[in-house]
Amino acid sequence: QVQLVESGGGLVQAGGSLRLSCAASGQTFSNYVMGWFRQAPGKEREFVAAISRSGGSTRYSDSVKGRFTISRDNAKNTVYLQMNSLKPEDTAVYYCAIGGSQYVLSAQSWQYQYWGQGTQVTVSS
């Protein structure tokens, strides 16, 4: 049984930082691409970032590029999302997901096979 548990969300002022973590179990973590998505109230889930199996390749949405950094520690079965220079429009529930591919850094949610329960990030102005 695959489980993903996100943590690290909270309330922060605009310009601040947060670091999200996602711990995985029940899956050979290092075999898969990992991704972060987010969903704001009344909006569809959107891609944030993805990282390759080794961590050597990353992909970001234009809205977070230069502010967010995705990383992973395969020894700890954990993927991280460092979020800097946060803006009110970053407010959303953030989800991590295990990709269905070992190679493709997909931005499409349907290509991810397992999801965490989400963690709330709220950025005040």
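Values in this document were obtained by computation on a predicted structure and should not be read as measured data.

Trainee: For the side chain of threonine 119, give the residues involved together with the corresponding values.
Mentor: With respect to the element layout, threonine 119 can be found in strand β11 (residues 119–124). When its relative accessible area of 11% is taken as the criterion, threonine 119 is described as buried. At a separation of 3.2 Å, a polar atom in the side chain of threonine 119 contacts the main-chain amide nitrogen of glycine 9. Aside from chain neighbours lying at most four places away, what touches threonine 119 is Glu6, Ser7, Gly8, Gly9, Leu20, Ala92, Val93 and Tyr94.

Trainee: Break down the sheet that holds strand β1 (residues 3–7) for me, citing the residues and quoting the values.
Mentor: Taking strand neighbours across the sheet as the criterion, the four strands line up as β1-β3-β8-β7 in an open arrangement whose pairing is antiparallel. Each edge of the open sheet is held by one strand with a lone partner, namely β1 and β7 (68–73). Direction aside, the axes of adjacent strands within the sheet are offset by 15° on average. As judged from the six bridges shared by strand β3 (residues 18–25) and strand β8 (residues 78–83), these two strands associate in the antiparallel manner. Counterpart to leucine 20 in the pairing with β8 is leucine 81.

Trainee: Lay out the nonpolar core with the relevant residues and their values.
Mentor: Core analysis: the biggest nonpolar cluster contains 29 residues, and Trp36, Val79, Leu81, Met83 and Tyr94 have the highest contact counts within it. Of all elements in the fold, only β3, β4 (34–39), β5 (46–51), β7, β8, β9 (92–99) and β11 reach the threshold of two or more residues within this core. Contacts of valine 79, omitting those with residues within four sequence positions, involve Leu20, Ser21, Cys22, Phe29, Met34, Trp36, Ile51, Ile70, Ser71, Arg72 and Cys96. Listed in part, the seven residues of the second largest apolar core include Phe47, Ala50, Ala97 and Tyr112.

Definitions and cut-offs
- Residues numbered from 1 in each chain as written.
- Predicted model: local features only at pLDDT ≥ 70, side-chain atom pairs only at ≥ 80, totals over all residues.
- Heavy atoms only, no water.
- Helix = DSSP H or I, 4+ residues; strand = E, 2+ residues; numbered from the N terminus.
- Buried < 20%, exposed > 50% of the residue type's maximum accessible area, 1.4 Å probe, protein only.
- Polar contact = N/O pair within 3.5 Å; in protein donor to acceptor, adjacent residues only side chain to side chain.
- Contact = heavy atoms within 4.5 Å.
- Pairing = 2+ DSSP bridges.
- Axes fitted to C-alpha atoms, helices over the stretch in contact; angles between N-to-C directions.
- Core = buried A, V, L, I, M, F, W, Y, C linked by side-chain atoms within 4.5 Å.

No statement about biological role is implied by the geometric values presented.
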